[in-house]
Amino acid sequence: MPKRKSTIRIWLSLAILLVVIVAAYNWATSPETASEEPLRQRQLNSLRQWFARETGNDVQPTKVTKSASSSGKGERESFGKKKTKLKRKDLLVAIPSSSDRLPLVRGSRLWRRDVPSLIITEFWSDPDKLTKQAEFEGEKLEKYGEWREAWGCMKIGDVRAGVTPFLAAHLHGYENFKWMLYGDDDTVFFIDNALDMLEGLDHNMPYFLTDHLWFPDQFDGRGGDHRKMHPNRSAPRCLPCGYQDPLHQPNGTSIHVPAGSYRAPEGCPCTLETLCRGADNPGYWGPECQWNKASHPGWWYFAHGGAGAILSVGLLRSIEWAKMERRFDVDGGVSGDSQFMAAVFDESGILPTDPGYGFYRPQMTLFDPGWRGEQARGPEDWGVADLGNDPMGIIDRLQYSLTKGHCSKDCEDSLQHMLTTHIRARYAAGDVLPEDVQNFTYGGPEEHRATVYLQHKLATMYDRYMEKKGFQRN
């Protein structure tokens, strides 16, 4: 009997202690008391607590500190570009998502910290409530919008993915940003590298920036089934207006253009006329600038949505929202990235511009680089050569450089200029999760927890790398 009483006392003491801990936690994280903590630390703590709940891994995010280099450049090659002192507040992140994928949105908060963000979800997801919830969690720069589902497309979110950049710009206000970072909810942007790349570019010029384009690998103009490839260096694109690079010559005449690449002219802006008249690319264009080696933009010639793109406010201003609202009110029948590129070309006449640095360096891709060669991980890859989608390759290179101090010239060059990586949530779980995370059963689908794990690992390792190299911006 005394032993039973002793056991009861122990359990009561534990229960009282638990109540006290919960009450203290609720008081500490309530809106009234949370304001006593600096916003940045509150955001990181909020992310850390959420990440621990979702994955069972209590990993400390990297502490953000000022770089030893006030310019944020270190020894990176920037080729004398004029500095415009871009800041994170000059950017806008636009992400299409859905209510069942919101763990991925929350997982992306670390890499997009201090950057205004607009998340477009289904029309029944109550964006006002989601915005208030994000604000309560310390994310005052995270807003939500809504768009309907599409039942006649490849995936039900395709129309929403296509309309997201136009809707996000309309909701946020064109006067409130200079550049939009547009990608999937499992795309990771490397913000400091993006800011460095955008220095010297005019945000009022209509730019559609990417070097990760779908294009037929073999195309003889006679129809038939041809292998589709992304990224494909033979896809038509421009270089930025006034592009500076020791390897560059105007109008696609440089002897350093890699074999098999489209000979890109400078685009001021990049239009069909610029592409077909500006460089010697035999077989691509007819005498009246008609397509010979590609179908209409948006049909096997389009920017890969998972790799992301960077859009200037000048481009988005040139496209009337009312037209986009009508255009995307019907199902497009193709993928969201295809619909987006077709809409941009139809309404503005603008085609993609390669950021430039990787154009003359065939070992590099800036948007979603990959090193493991062709891969086919699902039915959508059959007949497609996917040469990107290698987040683990980036992690391995970051880890090696952080441990050894250097990972080879090409490796360091890629890490210092890469702009995005695409995790591909539905294939992440089996490849990357450590056993303790795989066995953790609470918190959502396995692939979502695997993606959050990778989002966190990429963001923290990248921050550590940039800080160690002296490239981290204020």
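Residues numbered from 1 in each chain as written. Predicted model: local features only at pLDDT ≥ 70, side-chain atom pairs only at ≥ 80, totals over all residues. Heavy atoms only, no water.

## Regarding the overall build of the chain
Then, in step 1: Check the secondary structure of the chain and you find 16 helices and 14 strands.
Then, in step 2: Expressed as a percentage of its 474 residues, the buried residues of the chain come to 55%.
Then, in step 3: Sequence separation of 24 or more characterises 74% of the internal contacts of the chain that already satisfy a separation of 6 or more.
Then, in step 4: Roughly 21,100 Å² of accessible area belongs to the chain as shown, and the carbon and sulfur atoms make up 55% of that amount. (Helix = DSSP H or I, 4+ residues; strand = E, 2+ residues; numbered from the N terminus. Buried < 20%, exposed > 50% of the residue type's maximum accessible area, 1.4 Å probe, protein only. Contact = heavy atoms within 4.5 Å. Areas by Shrake-Rupley, 256 points an atom, 1.4 Å probe, with all protein chains shown as cover.)

## Details of the sheet that holds strand β1 (residues 91–96)
Then, in step 1: Strand order across the open sheet formed by 6 strands is β3-β2-β1-β4-β12-β6, with mixed pairing between neighbours. Because the sheet does not close on itself, it has two edges, and the strands there are β3 (142–147) and β6 (208–209).
Then, in step 2: Across the sheet, helix α5 (residues 127–136) is in contact with β2 (117–122) and β3; its angle to β3 comes to roughly 165°. (Pairing = 2+ DSSP bridges. Axes fitted to C-alpha atoms, helices over the stretch in contact; angles between N-to-C directions.)

## Details of unusual backbone geometry
Then, in step 1: Residue Pro269 follows Cys268 across a cis peptide bond; omega there is 5°.
Then, in step 2: Residue Asp114 is not a glycine yet carries a positive backbone phi of 65°.
Then, in step 3: Looking at the secondary structure, you find Asp114 in the loop between α4 (102–107) and β2.
Then, in step 4: Although it is not a glycine, Ser408 sits at a positive phi angle of roughly 105°.
Then, in step 5: In this structure, Ser408 sits in the loop between α12 (391–404) and α13 (409–417).
Then, in step 6: Given the relative accessible area of 36%, Ser408 is considered partly exposed.

## Notes on the state of the cysteines
Then, in step 1: What the rule picks out here adds up to 4 disulfides.
Then, in step 2: Between the sulfur atoms of Cys276 and its disulfide mate Cys289 the distance is 1.8 Å. Here Cys276 is found in helix α8 (residues 272–278), whereas its partner Cys289 is found in the loop between α8 and β11 (302–303), with 13 residues between them in sequence.
Then, in step 3: One disulfide in the model links Cys407 with Cys411; its S-S distance is 1.9 Å. Across the S-S bond linking Cys407 and Cys411, the dihedral sits near -95°, which makes this disulfide left-handed. Comparing Cys407 with Cys411 shows no difference in burial state: the two are buried. (Disulfide = S-S within 2.5 Å.)

## Points about the environment of Asp346
Then, in step 1: Here Asp346 is to be found in helix α11 (residues 336–348).
Then, in step 2: The sequence separation of Asp346 and Ile319 amounts to 27 residues, and the corresponding C-alpha distance is 9.6 Å.
Then, in step 3: Setting aside its immediate chain neighbours within four residues, Asp346 contacts His296 and Arg327.
Then, in step 4: Separated by 2.9 Å, the side chains of Asp346 and Arg327 make a polar contact. (Polar contact = N/O pair within 3.5 Å; in protein donor to acceptor, adjacent residues only side chain to side chain.)

## Structural notes on the pattern of salt bridges
Then, in step 1: Scanning the entire structure with this criterion turns up 15 salt bridges.
Then, in step 2: With a closest N to O distance of 2.7 Å, Glu137 and Arg109 form a salt bridge. Within this pair, whereas Glu137 is found in the loop between α5 and β3, its partner Arg109 is found in the loop between α4 and β2, the two being separated by 28 residues in sequence.
Then, in step 3: Residue Glu137 is classed as buried on the basis of its relative accessible area of 18%.
Then, in step 4: Arg113 is the partner of Asp463 in a salt bridge, and the nearest nitrogen-oxygen pair spans 2.7 Å. You can see Asp463 sitting in helix α16 (residues 446–469) and its partner Arg113 sitting in the loop between α4 and β2, a full 350 residues away along the chain. When sorted by exposure, Asp463 lands in the same class as Arg113, which is buried.
Then, in step 5: One network of salt bridges, with partners in common, ties together Arg109, Arg112, Glu137 and Glu142. (Salt bridge = Lys/Arg side-chain N within 4 Å of Asp/Glu carboxyl O.)

## Here's the deal with α12
Then, in step 1: An ideal rise of 1.5 Å per residue puts 20 Å on 14 residues; α12 measures up with 20 Å between its terminal C-alpha atoms.
Then, in step 2: All buried positions along α12 are accounted for by Pro391, Gly393, Ile394, Ile395, Leu398, Ser401 and Leu402.
Then, in step 3: Those residues of α12 that are buried lie in contact with α13, β14 (420–422) and α16.
Then, in step 4: Just past α12, the residue Gly405 takes up positive phi, approximately 95°. (Expected span 1.5 Å × (residues − 1).)

## Some details on the side chain of His230
Then, in step 1: Among the structural elements, His230 can be located in strand β8 (residues 228–230).
Then, in step 2: Here the side chain of His230 touches His212 through a polar contact of 2.8 Å, side chain to side chain.

## Re the confidence of the model for the chain
Then, in step 1: Across the chain, the average pLDDT comes to 80, with 70% of residues at 70 or higher.
Then, in step 2: Here residues 27–48 is modelled with pLDDT under 50, and outside its nearest four sequence neighbours on either side it reaches 29 contacts, counting other chains as well. (pLDDT = per-residue confidence, 0-100.)

## Looking at the packing of helix α6 (residues 158–172) against α11
Helix-helix packing is described using two parameters, namely the angle between the two axes and the distance between the axes.
Then, in step 1: α11 packs onto α6 with a crossing angle of 40° between their chain directions and a minimal axis gap of 7 Å. Here α6 lies oblique to α11, going by the angle between them. The handedness of the crossing between α6 and α11 is right-handed. Contacts from Asp158, Val159, Ala161, Gly162, Pro165 and Phe166 in α6 reach Gly336, Gln339, Phe340, Ala343 and Val344 in α11. (Parallel < 35°, antiparallel > 145°, perpendicular 65-115°, else oblique. Left-handed = near helix turned anticlockwise from the far one by under 90°.)

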